[in-house]
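# Close look at the chain arrangement
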Protein chains: 2
Amino acid sequence: MPSLQINEVAPRDGLQIEAEFVPTADKIGLIDALSATGLARIEATSFVSPKAIPQLRDAAEVVTAIQRRPGVGITVLVPNVKGAERALACHVDEVNLVMSASESHGLANLRMTPTQSLEQFAAIVETVRAPPQGREVFINASLSTTFGCPFEGEVPEARVLDLVERQLALGVQGVSLCDTTGMANPAQVRRLCEAVLARFPETPFTLHFHNTRGMGLANALAAWQAGITRFDASLGGLGGCPYAPGATGNVCSEDLVHMFEAMGVSTGVDLDALLKVSATLPGLIGHDTPGQVAKAGKADRRYPMPAR
Amino acid sequence: MPSLQINEVAPRDGLQIEAEFVPTADKIGLIDALSATGLARIEATSFVSPKAIPQLRDAAEVVTAIQRRPGVGITVLVPNVKGAERALACHVDEVNLVMSASESHGLANLRMTPTQSLEQFAAIVETVRAPPQGREVFINASLSTTFGCPFEGEVPEARVLDLVERQLALGVQGVSLCDTTGMANPAQVRRLCEAVLARFPETPFTLHFHNTRGMGLANALAAWQAGITRFDASLGGLGGCPYAPGATGNVCSEDLVHMFEAMGVSTGVDLDALLKVSATLPGLIGHDTPGQVAKAGKADRRYPMPAR
């Protein structure tokens, strides 16, 4: 069993903000290629309204058509009960609920306050757990703006702990702490991760970082030092933050895998295979990606001596 | 006194690989603006042969004309005795000698093996220390490829420790451990920094990272955790590695300052002032730079709520 579990979010978090719709067959090909690299989980799509995010309007088609590999969990974002019902019909392994830790980001992004989101979480959990599903679907919740809100600023640690507790009380099984706009720093990450692990020792926490201010890998390192073993990451560093134009997006999967494997921390991921999939991204999305290892090669790359 | 001392290397390490010559007056303006931000040291130029690096052919003019501020050390790279003599004539505060930890990189970059470099170090130290200089000039040595060589691969820790010991025995006072092509990972950085600090507790070590594989700030974090308080960094992330085309360069000064200040670790640098200087770079060099904070703004930047 690898030391880390990587949840690949490019098919959802990355593709949802691309200007162009990526054809369904290409999405399926991408996810199938990712499944073969040893990733623990793939967030395949979002069962959101096609009007809200037309880029993912083919959610059901994608999830129905992808190959299902043992050991690779397929998770999908579900924004509401209807989304959960559509996701369950496609036999996903996991649903990922989403809410904001800050009032203003919740209103801007989801049109819901945290309290309203928690009410909806209750309804979604009820739907997922209702017979006749039978099948055990893991319920994860993502907490946006955990490390700060681009509108209102600081998010107190006490609020984060309280919201996590309320999520778990509703039947949520795992929680993703999301640095949605790349505001976290390593000292803050270490403090908060230690606090949640001390208070909720049985809960699997996933850390979700963006590289907006260049601290993505430093924050992942700090989280790992605190005892975190699950990370969201996005192939090529796809994704991004609408409030920081020009900045890079999610922490890059292959850069994250590269760092931890170089440190001797196993991820279960075949980095060469992952880099090959990353190399297909520009062809799918029509532009370059911010990932660094894909450009520079791995640290163990050797060069010929220059001619004298 | 700030917790960290930042040595700004863009005027030397950054500008030396720019395709276009930056006019002397612009270099002077850049260094003067940097001096006013609270940086501890500035590597202003290199007294290398103008034929080898024509971009820095104005070394003496630059160092003679810049404003000298109390508390801001002016250091320059000196490749040989002649360079040291030219630097001393300009009344620099510090000279930075350079050698490679690996044989093949030394031959490729300096046309010298490590042993030959050490012989030359002895001659440079003798020159710097010879009367009638009188004035105390600090002698620093940079050890390239400390964390790995792009030609021969792994550089054993024992070799690094041995080379540092031999440098110090020659009269070198401070050592910069350089991840010249961005091969270091945080576990390796922590191990090596702990080893050098344990063995040479009186010596000021500076860590020099590149962001080639995205690990620049993670490596700086690991070095700081090991007890390192001095870092090289380059405004805008200028600089680079000729063996990793497309990859970013040195760790970016404003991103490094931003991370540590956000963590509560004082750098002595006025980040807003530094960002203003960084914003002048595209006008000086004619292209965008890889720094992230300059694009995204600081983590405490606030945005208006989007219109509903």
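The sections below set out a description of the structure shown in this document. (Residues numbered from 1 in each chain as written. Chains lettered and ligands numbered in written order. Predicted model: local features only at pLDDT ≥ 70, side-chain atom pairs only at ≥ 80, totals over all residues. Heavy atoms only, no water.)

### Some points on the relation of the copies chain B and chain A
For the match of chain B to chain A, the screw axis carries a shift of 0.0 Å, the RMSD comes to 0.0 Å, and the turn is 180 degrees. Put plainly, the chains are arranged around a two-fold axis. Distance from the rotation axis, computed per C-alpha, reaches its smallest value in chain B at Ala218(B): 1.9 Å. Here 100% of the interface residues in chain B have copies in chain A that are interface residues too; the copies meet face to matching face. (Least-squares fit on C-alpha atoms with pLDDT ≥ 70 in both. Contact = heavy atoms within 4.5 Å.)

### Digging into the packing of helix H10 (residues 253-262) of chain A against helix H11 (residues 271-279) of chain A
Residue and element names in this part refer to chain A. One can describe the packing of H10 onto H11 by two numbers: an axis separation of 10 Å at closest approach and a directional angle of 160 degrees. The angle between the axes of H10 and H11 places the two elements in the roughly antiparallel class. Note on packing geometry: the crossing formed by H10 with H11 is left-handed. Across the interface between the two elements, Ser-253, Glu-254, Val-257 and His-258 from H10 touch Leu-271, Leu-274, Leu-275 and Ser-278 from H11. (Axes fitted to C-alpha atoms, helices over the stretch in contact; angles between N-to-C directions. Helix = DSSP H or I, 4+ residues; strand = E, 2+ residues; numbered from the N terminus. Parallel < 35°, antiparallel > 145°, perpendicular 65-115°, else oblique. Left-handed = near helix turned anticlockwise from the far one by under 90°.)

### A short note on the packing of helix H8 (residues 186-199) of chain B against helix H9 (residues 216-226) of chain B
Residues and elements named next belong to chain B. Remark: H8 packs on H9, axes separated minimally by 8 Å, with the N-to-C direction vectors making an angle of 30 degrees. Classified by the angle between their axes, H8 and H9 sit roughly parallel to one another. Once H8 is placed against H9, the crossing between them reads as right-handed. Side by side, H8 and H9 meet where Pro-186, Val-189, Arg-190, Cys-193, Glu-194 and Leu-197 of the first sit next to Ala-218, Asn-219, Ala-222, Ala-223, Gln-225 and Ala-226 of the second.

### Some words on the side chain of Asn185(B)
Counting through the fold element by element, Asn185(B) comes out in the loop between strand E6 (174-178) and H8. Assessed through its relative accessible area of 7%, Asn185(B) is described here as buried. Reaching out from Asn185(B), the side chain makes a polar contact with the backbone nitrogen of Ala187(B) at a distance of 3.0 Å. Beyond its immediate sequence surroundings of up to four residues, Asn185(B) is in contact with Ala262(A), Met263(A), Met215(B) and Asn219(B). (Buried < 20%, exposed > 50% of the residue type's maximum accessible area, 1.4 Å probe, protein only. Polar contact = N/O pair within 3.5 Å; in protein donor to acceptor, adjacent residues only side chain to side chain.)

### Thoughts on the pairing of strand E4 (residues 94-100) of chain A
Residue and element names in this part refer to chain A. Counting buried positions along E4 yields 7 of 7 residues, so the element is predominantly enclosed. Alternating residues of E4 divide into Glu-94, Asn-96, Val-98 and Ser-100 and Val-95, Leu-97 and Met-99, and every residue in both groups is buried. Inspection of the sheet shows strand E3 (residues 73-77) paired to E4 by 3 bridges, in the parallel sense. Bridge assignment links Leu-77 to a residue of E4, and that residue is Asn-96. Between the parallel elements E3 and E4, the chain passes through helix H4 (residues 81-89) in a crossover that is right-handed. (Pairing = 2+ DSSP bridges. Right-handed = clockwise from strand over helix to strand, strands pointing away.)

### Let's talk about the sheet that holds strand E7 (residues 205-208) of chain A
Residue and element names in this part refer to chain A. Spatially, E1-E2-E3-E4-E5-E6-E7-E8 is the arrangement adopted by the 8 strands of the closed barrel, whose pairing is parallel. Put simply, the sheet's adjacent strands are angled 25 degrees from each other on average, direction ignored. Taken together, the 2 bridges between strand E1 (residues 5-8) and strand E2 (residues 41-46) define a ladder with parallel strand orientation. Bridging from a neighbouring strand, Glu-8 pairs with Ile-42 of E2. The sheet strands contacting helix H5 (residues 103-110) are E4 and strand E5 (138-144), and the helix crosses E4 at an angle near 120 degrees.

### Looking at unusual backbone geometry
The backbone phi angle of Thr145(A) is positive, close to 55 degrees, even though this residue is not glycine. In this fold, Thr145(A) is placed in the loop between E5 and helix H7 (157-169). Assessed through its relative accessible area of 0%, Thr145(A) is described here as buried. The phi dihedral of His91(B) is positive, around 60 degrees, even though this residue is not glycine. Turning to its location among the elements, His91(B) is positioned in the loop between helix H4 (81-89) and strand E4 (94-100).

### Here we look at the pattern of salt bridges
Inspection of the entire model under this criterion finds 22 salt bridges over all chains. A salt bridge links Arg41(A) to Glu94(A); its shortest N-O distance comes to 2.5 Å. Of the two residues, Arg41(A) sits in strand E2 while Glu94(A) sits in strand E4, which places them 53 residues apart along the sequence. Residue classification places Glu94(A) among the buried positions, given a relative accessible area of 6%. Put simply, Arg68(B) and Asp93(B) hold a salt bridge, and the shortest N to O gap is 3.2 Å. Here Arg68(B) is found in the loop between helix H3 (59-65) and strand E3 (73-77), whereas its partner Asp93(B) is found in the loop between H4 and E4, with 25 residues between them in sequence. Its relative accessible area of 35% is what places Arg68(B) among the partly exposed residues. Looking at Asp93(B), the relative accessible area reads 25%, which means it is partly exposed. Salt bridges sharing common partners tie together Arg12(A), Asp13(A) and Glu43(A). (Salt bridge = Lys/Arg side-chain N within 4 Å of Asp/Glu carboxyl O.)

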